[in-house]
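Residues per chain are reported as follows:
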Amino acid sequence: MCAVVGVFNVKSASKVAYYALFAMQHRGQEATGISSSDGKNIWTKKRRGLVTDVFDGEENFEYLKGSMAVGHNRYSTAGSHSVLDAQPISAKYKLGEISVVHNGNLVNKEEVRQRLIDEGAIFQSYMDTENLIHLIARSQKTSLESRIKEALEDIKGAYCFIIQSRSKMFAIRDKYGVRPLSLGKFENGGYIVASETCAFELVGAKFVRDVNPGEMLIFEKGQEPISIQLYEPEPRPCAFEYIYFARPDSVIDGKNVYEKRLTMGKILAQENPVEADVVLPVPDSGIAAALGYAKESGIPFENAIVRNHYVGRTFIEPIQEMRDLKVRLKLSPIRELMEGKRVVIIDDSLVRGTTSKQIVKMLKEAGAKEVHMKLASPPIKHPCRYGIDTPSYEELISANMSEEEICEKIGADSLSFLSIEGLKESLGHDRNYSMVSFDGEYFIA
Ligand code: AMP
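Residues numbered from 1 in each chain as written. Predicted model: local features only at pLDDT ≥ 70, side-chain atom pairs only at ≥ 80, totals over all residues. Heavy atoms only, no water.

Student: What is the right way to look at the sheet that holds strand β3 (residues 42-48) in this model?
Tutor: What holds strands together in a sheet is hydrogen bonding between their backbones, with the strands either parallel or antiparallel. The seven strands are arranged β3-β2-β4-β1-β10-β9-β11 in an open sheet whose pairing can be described as antiparallel. Only two strands of the sheet have a single neighbouring strand rather than two, namely β3 and β11 (206-210). The mean inter-strand angle of the sheet, taken between neighbouring strand axes irrespective of direction, is 15°. Pairing between strand β2 (residues 31-37) and β3: seven bridges, direction antiparallel. In the strand pairing of β3, A31 is matched with R48. (Pairing = 2+ DSSP bridges. Helix = DSSP H or I, 4+ residues; strand = E, 2+ residues; numbered from the N terminus. Axes fitted to C-alpha atoms, helices over the stretch in contact; angles between N-to-C directions.)

And the structure:
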């Protein structure tokens, strides 16, 4: 998972990109970067770390000159943890200079990379995104636009690309629209394209519309964005964006994320009622679903687990012992609210089972009489290949254990999940959502 942003025809574009990346920090905390263009040169700064750590002073924006910029927050799904795998990736080629940012995951990355290497290409990173740069550079077409179109023919997978040359910007969403991408506009006529609409609020841009699946937008000085429908849309937007990834204030494809989470909680309560005294969320990811559950069941809601906001998402630590410790560093119960009570605890999802196990233990130690663990998504049985960092089959607890076995392992009194049907109902039947993690239907082979 990553965040991408493109800013066009705006004064101090790199600063606008910075604020947009800051609003989308939740989509990736591993590395960040911005490339700007002043029409003559492309300037880039990228490094491992959070947005505010990497861009830690005014001098960054003086260096990143110009009225156009692209930016990226990295959450590794492909590539390594080295700084070489931070984006944007910039390159000089026959027609000039470009920089590219990418959110998603390319499913044919290995074969394309191998073919390019066999033909003599020298790669700088392990990122699938670099394939696109090579394909653009090697194309014999005479314009960047037609080179991009040709390069895309060789690329399969989930992608939102924003590509900047010295004078133009291109935003492309794959035909399935797996990852979100929206267009916003500034009062002065400038534009912004970003993974999530929460970025627009912060920088003062107005939401215009979502980029369509299969669409390419071209931004050029002195004219309105040009839209080219490259591929017939076959929409399969990712359900996990609504479940976990996106910020609750974002609107994806016309649907507010918070409202969808409330509904997931509501349907979870209808499907899995339980006798209990209090409903608690795992903060922050379970809050909206827990509210939905409490409203529907009539069981009082208490925000009884305190989150320390200075600890990042638990997934970031690659080592298991550190992950265990991080849950305890991050979450702490308010004993007075649960002592002697039958507690329903709600989280958005169960991946390896680390968080749930720690939380059940924590609640029992804090005096809860019963702990009923409820997940506002179906069991994750398959790794995502389209840009969400879910681990391999071996690590996915629901791929290896029955619900009874998991319940025993995490030490809960009961365990239940939202059904796939319930999730579809929550999101609405107007679209065929991508549910690969739950149903294993890999629709991009
Ligand atoms: P686990 O502890 O391994 O069962 O992971 C579940 C927790 O991680 C839940 O609290 C989720 O909010 C969160 N989560 C789910 N999917 C992801 C992901 N792809 N990256 C980071 N965190 C996740």
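Student: Is there a simple way to explain the sheet that holds strand β13 (residues 226-229) in this structure?
Tutor: Read across the open sheet, the six strands follow the order β5-β6-β7-β8-β12-β13; overall the sheet is antiparallel. This sheet does not close on itself; its edge strands, each paired only once, are β5 (89-93) and β13. Each neighbouring strand pair of the sheet contributes to a mean axis angle of 20°, computed without reference to strand direction. Judged from the five bridges that link them, strand β7 (residues 157-164) and strand β8 (residues 168-173) form a sheet pairing that is antiparallel. Of the residues in β8, the one forming a bridge with Q164 is M169. Helix-sheet contacts for helix α6 (residues 144-153) involve β5, β6 (96-106), β7, β8, β12 (215-220) and β13, and the interaxial angle to β8 is about 25°. (Contact = heavy atoms within 4.5 Å.)

Student: So what exactly am I meant to see when it comes to a negative patch on the surface here?
Tutor: Taken together, the side chains of D53, D56, E59 and E62 make up a negatively charged region of the molecular surface. With a relative accessible area of 43%, D53 lands in the partly exposed category. (Patch = residues over 30% accessible without salt bridge, like charges linked within 9 Å, V, L, I, M, F, W, Y side chains within 5 Å. Areas by Shrake-Rupley, 256 points an atom, 1.4 Å probe, with all protein chains shown as cover. Salt bridge = Lys/Arg side-chain N within 4 Å of Asp/Glu carboxyl O. Lys, Arg positive; Asp, Glu negative; His and termini not counted. Charge placed at Lys NZ, Arg CZ, Asp CG, Glu CD. Buried < 20%, exposed > 50% of the residue type's maximum accessible area, 1.4 Å probe, protein only.)

Student: How do you make sense of unusual backbone geometry when you look at a structure like this?
Tutor: Keep in mind that most residues, glycine aside, have a negative phi and that most peptide bonds are trans. Cis peptide bonds are those with omega within 30 degrees of zero, and the linkage from Q87 to P88 qualifies with 5°. Its location among the elements puts P88 in the loop between β4 (68-74) and β5. In this model, P283 is joined to D284 through a cis peptide bond whose omega is -10°. Summarising the element assignment, D284 is placed in the loop between β16 (278-281) and α10 (287-297). With a phi angle near 60°, N9 is a residue other than glycine that sits in the positive phi range. Take N9: it is sitting in the loop between β1 (3-8) and α1 (13-23). Look at S12: it is not a glycine, yet its phi comes out positive at around 50°. Tracing the sequence through the fold places S12 in the loop between β1 and α1.

Student: Just checking my understanding: could you explain a nonpolar patch on the surface for this structure?
Tutor: Together, Y19, F22 and L202 give the surface a local cluster of nonpolar side chains, amounting to about 290 Å² of exposed area. If you trace the backbone, Y19 turns up in helix α1. Residue Y19 is classed as partly exposed on the basis of its relative accessible area of 37%.

Student: Before we go on, may I ask you to explain the packing of helix α5 (residues 129-138) against α6 in this structure?
Tutor: When two helices pack together, their arrangement is given by the angle between the helix axes and the distance between those axes. Where α5 contacts α6, the axes come no closer than 8 Å and their chain directions differ by 125°. Here α5 is positioned oblique relative to α6, judged by the angle of their axes. Of the two elements, α5 crosses α6, and the hand of that crossing is right-handed. For the pair α5 and α6, contact is made by L132, L135, I136 and A137 and by L144, R147, I148, A151 and L152, respectively. (Parallel < 35°, antiparallel > 145°, perpendicular 65-115°, else oblique. Left-handed = near helix turned anticlockwise from the far one by under 90°.)

Student: I would appreciate a short explanation of the domain arrangement of the chain in the present structure.
Tutor: Reports of interface size often rely on the accessible area that becomes lost once the parts have come together. When its domains are assigned, the chain resolves into domain 1 (3-235) and domain 2 (257-439). On a C-alpha basis, the centres of domain 1 and domain 2 stand 33 Å from each other. (Domains from an automatic or database assignment.)

Student: Could you clarify how one ought to interpret the site of the ligand in this entry?
Tutor: Around the ligand, the structure places 17 residues, and the nearest of them are Y75, D347, D348, R352 and T355. A distance of 2.9 Å separates a nitrogen atom of the ligand from a polar atom in the side chain of Y244. At 2.7 Å from an oxygen atom of the ligand is found a main-chain nitrogen or oxygen belonging to R352. When the ligand is considered free in solution it has 490 Å² of accessible area, and contact with the protein chains removes 96% of it. Going through the elements one at a time, α8 (239-245) and α12 (354-365) are the ones with two or more residues in the shell around the ligand. For the shell around the ligand, the element with the most residues is α8, which contributes three residues. Tallied by class, the residues present in the shell around the ligand amount to eight nonpolar, five polar and four charged. (Near = heavy atom within 4 Å. Polar contact = N/O pair within 3.5 Å; in protein donor to acceptor, adjacent residues only side chain to side chain. Nonpolar A, V, L, I, M, F, W, Y, C, P; charged D, E, K, R; others polar.)

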